[in-house]
Amino acid sequence: SLRYDPPVTRRATSSLLAFLLVAVACGDDPASGPGTGLIDTFDGVTAVESGYSNGHVKNPSYQQVCGGDTGHVEVVKVSFDADRITLAEVLEIFFHIHDPTTLNRQGNDVGTQYRSGIYVFSEAQKRTAEQAKASYGDALKAAGRGDVTTEILGAPAFYYAEDYHQQYLAKNPGGYCGLGGTGVS
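Residues numbered from 1 in each chain as written. Predicted model: local features only at pLDDT ≥ 70, side-chain atom pairs only at ≥ 80, totals over all residues. Heavy atoms only, no water.

The subject of this paragraph is the overall build of the protein. The secondary structure content of the protein amounts to 4 helices and 10 strands. Order of helices (α) and strands (β) in the protein, N terminus to C terminus: β-β-β-β-α-β-α-β-β-β-α-β-β-α. A buried classification covers 48% of the 185 residues belonging to the protein. A fraction of 73% describes how many contacts in the protein between residues 6 or more apart in sequence connect residues 24 or more apart. With an accessible surface of roughly 8500 Å², the protein has 50% of that area assigned to carbon and sulfur atoms. (Helix = DSSP H or I, 4+ residues; strand = E, 2+ residues; numbered from the N terminus. Buried < 20%, exposed > 50% of the residue type's maximum accessible area, 1.4 Å probe, protein only. Contact = heavy atoms within 4.5 Å. Areas by Shrake-Rupley, 256 points an atom, 1.4 Å probe, with all protein chains shown as cover.)

Below, the structure written as structure tokens:
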């Protein structure tokens, strides 16, 4: 895997391109089509790439991450055009496509590599993420659901996942993806 240390933002033509790391396995897949809730199906999201982050081993493999000894979480790096979709909107998608109330779990996938997390590149992103987490937490509480377990941290190093993990469901139609929201808006 290659290490990726993105800048907070950069100018691309006339649009602001921003980066965010979020912990959702298989969130990079458009296989089910627009409107399904997967991150890269939304207008303004320019790229979503699978990888590993927030661990203590350089260039981990999938097998190492799944072994639970590297500390990494499976993440997707979301690149988006801030002129077309806001960070708050990206975070709303993030909270709706998985269950952030389950600690170290997404669907049938269990382990610390499946924890819910948002890894930010600036204080402004951190404030927006904390506001989104609080707002979604209030909605969950009103619906009688558990507390949000999502960690919000400064973005650590990002390592690209192996090629077979990029666009996984597009390459494996009918493959398993443990994402499932809470049904709470």
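Side-chain alternation along strand 8 (residues 117-120) places Gly117 and Tyr119 on one buried face and Ile118 and Val120 on a second face that is also buried. With 4 bridges connecting them, strand 8 and strand 9 (residues 151-154) associate as parallel partners. Opposite Val120, over in strand 9, you have Gly154 as the bridge partner. (Pairing = 2+ DSSP bridges.)

It is worth spelling out the packing of helix 2 (residues 87-97) against helix 3 (residues 123-142) at this point. Closest axis-to-axis distance for the helix 2/helix 3 pair is 10 Å, and the angle between their directions is 45°. The angle between the axes of helix 2 and helix 3 places the two elements in the oblique class. Crossing of helix 2 over helix 3 shows right-handed handedness. Across the interface between the two elements, Leu87, Ala88, Leu91, Phe95 and His96 of helix 2 pack against Gln125, Thr128, Ala129, Ala132, Lys133 and Tyr136 of helix 3. For the contact of helix 2 with helix 3, a count of residues per class yields 7 nonpolar, 3 polar and 1 charged. (Axes fitted to C-alpha atoms, helices over the stretch in contact; angles between N-to-C directions. Parallel < 35°, antiparallel > 145°, perpendicular 65-115°, else oblique. Left-handed = near helix turned anticlockwise from the far one by under 90°. Nonpolar A, V, L, I, M, F, W, Y, C, P; charged D, E, K, R; others polar.)

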